[in-house]
Amino acid sequence: MNDSMPGPEPEPVEPLAPEAEAETYDPVGPAPLGVERVPTGDAEVDGLLRRLGDADHLATDGHIEVYEDVHRGLRDALTALDARPGPPAPSSMGTPAASSQHSPPYNRS
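Note on numbering: residues in each chain are counted from 1, in written sequence order. Local features are withheld for residues below a pLDDT of 70 in this predicted model, meaning they are given only at 70 or higher, and side-chain atom pairs are given and counted only at 80 or more; totals for whole chains, interfaces and linings count all residues. Excluding hydrogens and water, the side-chain figures rest on all heavy atoms present in the structure.

## With respect to the overall build of the protein
Okay, so step 1: Where helices and strands are cited, they refer to DSSP runs of H or I of at least four residues and of E of at least two residues respectively, numbered from the N terminus. Along the protein, the regular secondary structure elements total three helices and zero strands.
Okay, so step 2: Think of it in three bands: with a 1.4 Å probe and only protein chains considered, a residue is buried below 20% of the maximum accessible area for its type, exposed above 50%, and partly exposed in between. Residues counted as buried form 10% of the 109 residues belonging to the protein.
Okay, so step 3: What makes two residues a contact is simply this: any of their non-hydrogen atoms within 4.5 Å. Across the protein, every contact between residues at least 6 apart in sequence was considered, and the portion connecting residues at least 24 apart equals 33%.

Structure follows, in structure tokens:
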């Protein structure tokens, strides 16, 4: 091969126009993740967990509304647990620690 003799020049490659690039982009649509939802036994919580399935059919920018709604519902369900009346707390009246008869002797040293 002789370096003094130039070979044929490669043909220039034209870049795609922005419109052509946009036409070739084909994003995948929303699809379920396939996460199994196990019932909890609490109808309210189970309904909220089923609500998460609504995000499976939304574009990503629609997920936040579903997640915030479910989060708010779960938070309310937990708050309601604190508000439910439970068994009465034991009284400290009549216990040995509350009685002055059983207090430790006073040391007069």
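## Comments concerning the side chain of Asp56
Okay, so step 1: Tracing the sequence through the fold places Asp56 in the loop between helix H2 (43–51) and helix H3 (63–83).
Okay, so step 2: Using a relative accessible area of 15% as the deciding quantity, one classes Asp56 as buried.

## Some remarks on the pattern of salt bridges
Okay, so step 1: Definition used for salt bridges: Asp or Glu carboxyl oxygen within 4 Å of a side-chain nitrogen of Lys or Arg. Counted under the stated rule, the structure contains four salt bridges.
Okay, so step 2: Its salt-bridge partner being Arg51, residue Asp54 comes within 2.7 Å of it at the nearest N-O pair.
Okay, so step 3: For Asp54, a relative accessible area of 37% gives the class partly exposed.
Okay, so step 4: In this structure, Arg72 engages Asp69 in a salt bridge whose closest nitrogen and oxygen atoms are separated by 4.0 Å. You can see Arg72 and its partner Asp69 sitting in helix H3, three residues apart, about one turn around the helix.
Okay, so step 5: On the accessibility criterion, Asp69 (27% relative accessible area) is partly exposed.
Okay, so step 6: Several salt bridges converge on common partners, so that one network encompasses Arg51, Asp54, Asp69 and Arg72.

## Digging into the side chain of Asp46
Okay, so step 1: Note on placement: Asp46 falls in helix H2.
Okay, so step 2: Working convention for charge: Lys and Arg count positive, Asp and Glu count negative, and His plus the chain ends are omitted. As a buried residue without a salt bridge, Asp46 has its nearest oppositely charged side chain in Arg50, at a separation of 5.2 Å.
Okay, so step 3: Filtering out sequence-adjacent residues up to four positions away, Asp46 remains in contact with Pro39, Thr40 and Gly41.

## Description of the packing of H2 against H3
Okay, so step 1: Working convention: axes come from line fits to C-alpha atoms, limited for helices to the stretch in contact. Angles between N-to-C directions cover 0 to 180 degrees. Look at H2 against H3: their axes get within 9 Å of each other, and the N-to-C directions meet at 170°. When the axes of H2 and H3 are compared, the pair comes out roughly antiparallel. The residues of H3 that touch H2, namely those facing Glu44, Val45, Leu48 and Arg51, are Val66, Asp69, Val70, Gly73, Leu74 and Ala77.
Okay, so step 2: Residue composition of the contact of H2 with H3, by class: six nonpolar, one polar and three charged. Angles below 35 degrees are treated as roughly parallel, those above 145 as roughly antiparallel, those between 65 and 115 as roughly perpendicular, and all remaining angles as oblique. In this classification, the charged set is Asp, Glu, Lys and Arg, the nonpolar set is Ala, Val, Leu, Ile, Met, Phe, Trp, Tyr, Cys and Pro, and all remaining amino acids, among them Gly, are polar.

## Here we look at H2
Okay, so step 1: If you check which residues of H2 are buried, you get Val45, Asp46 and Leu48. Looking straight down H2, one finds its buried side chains confined to an arc of 160°; they lie on one side. For H2, exposure combined with an orientation more than 90 degrees from the buried face picks out Ala43 and Arg50.
Okay, so step 2: Contacts from the buried residues of H2 go to H3.
Okay, so step 3: N-cap assignment for H2: the residue whose side-chain oxygen lies 3.0 Å from the backbone N of Glu44 is Asp42. Here the arc refers to the set of directions running from the helix axis out to each C-beta atom. Between N or O atoms, a polar contact is any pair within 3.5 Å; within protein, one atom must be a potential hydrogen donor and the other a potential acceptor, and residues adjacent in sequence are included only when both atoms are from side chains.

## Here's the deal with the environment of Pro30
Okay, so step 1: Mapped onto the secondary structure, Pro30 falls in the loop between helix H1 (18–24) and H2.
Okay, so step 2: For the pair Pro30 and Ala55, spaced 25 residues apart in the sequence, the C-alpha separation amounts to 8.7 Å.
Okay, so step 3: Excluding its chain neighbours within four sequence positions, the residues that come into contact with Pro30 are Asp56, His57, Leu58 and Ala59.

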